[in-house]
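Notes for the structure review
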Amino acid sequence: MSAILDTATGFFHACESGKGWDICRKYCHPDAGFSSQTVSLADIATLEGYTEWMKNLYTPIPDARYELCHLGMDNERGSVAVYAIFHGRHTGPGGPVAPTGKVVAADYVYVMEFEGGKIRYMTKIWNDIISLQQLGWAP
């Protein structure tokens, strides 16, 4: 495995386990950017902000977990794509509504762009509306 793939894998596991920026920062440029064409993440423009958002998701969904389905590297472009499924049940406080007990199974993809062996930019591809509906957080 290449160093970039090792870095992407380490970042993915730390981020998806809710470790936050304190742990994830070692894999990234300090000012790493972030984007996602979603309503839920529209105001987040940095990878630091996103990793903290993921960390906070473990409050309303304390049993959150992920299933890594595919990991691929594009050597020519210096990028890594990870496809996974996020699983969990809304049983904790902190969501937009009282705990619903409903389950989410959300497909998503991270596309990480590298510079100098660290993540410079990440895009999350995700249909947040479906996830919000599964959790009972949206009509």
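Residues numbered from 1 in each chain as written. Predicted model: local features only at pLDDT ≥ 70, side-chain atom pairs only at ≥ 80, totals over all residues. Heavy atoms only, no water.

Quick look at the overall build of the protein chain now. Counting its secondary structure elements, the protein chain contains 4 helices and 5 strands. A globule of 139 residues ought to have a C-alpha radius of gyration of about 14 Å, and the protein chain, at 15 Å, matches this closely. The principal-axis extents of the C-alpha atoms in the protein chain amount to approximately 45 × 25 × 25 Å. If you sum the accessible surface of the protein chain, you get close to 7000 Å²; carbon and sulfur atoms cover 54% of it. Looking at charge distribution, the protein chain has the averaged site of its 11 positive side-chain charges lying 6 Å from that of its 15 negative ones. (Helix = DSSP H or I, 4+ residues; strand = E, 2+ residues; numbered from the N terminus. Rg over C-alpha atoms; globule rule 2.2 N^0.38 Å. Areas by Shrake-Rupley, 256 points an atom, 1.4 Å probe, with all protein chains shown as cover. Lys, Arg positive; Asp, Glu negative; His and termini not counted. Charge placed at Lys NZ, Arg CZ, Asp CG, Glu CD.)

So, on to the pairing of strand β3 (residues 79–89). With respect to burial, β3 is a largely interior element, 8 of its 11 residues being buried. Of the strand pairs in this sheet, strand β2 (residues 65–74) and β3 are connected by 9 bridges, and their pairing is antiparallel. Residue pairing for β3: Tyr66 is matched across the bridge by Phe86. Adjacent in sequence and paired antiparallel, β2 and β3 are bridged by 4 residues, among which Gly78 carries a positive phi angle near 60 degrees. Where β3 meets strand β4 (residues 103–115), 11 bridges bridge the pair, whose relative direction is antiparallel. Each residue of the ladder has a partner; that of His87, found in β4, is Ala105. (Buried < 20%, exposed > 50% of the residue type's maximum accessible area, 1.4 Å probe, protein only. Pairing = 2+ DSSP bridges.)

This part takes up the side chain of Thr7. With respect to the secondary-structure elements, Thr7 resides in helix α1 (residues 3–16). Thr7 sits in the buried class, given a relative accessible area of 15%. When neighbours within four sequence positions are excluded, Thr7 is seen to be in contact with Tyr27, Phe114 and Gly117. (Contact = heavy atoms within 4.5 Å.)

Time to look at α1. Here α1 contains 14 residues, and its C-alpha end-to-end distance of 20 Å stays within 8% of the 20 Å for a straight helix at 1.5 Å per residue. The element α1 is extensively covered by neighbouring structure, given that 10 of its 14 residues are classed as buried. Of the residues making up α1, those classed as buried are Leu5, Thr7, Ala8, Thr9, Gly10, Phe11, Phe12, Ala14, Cys15 and Glu16. Gly18 lies just past α1 and shows a positive phi near 75 degrees. (Expected span 1.5 Å × (residues − 1).)

Everything listed is a geometric property; what it means functionally is a separate question.
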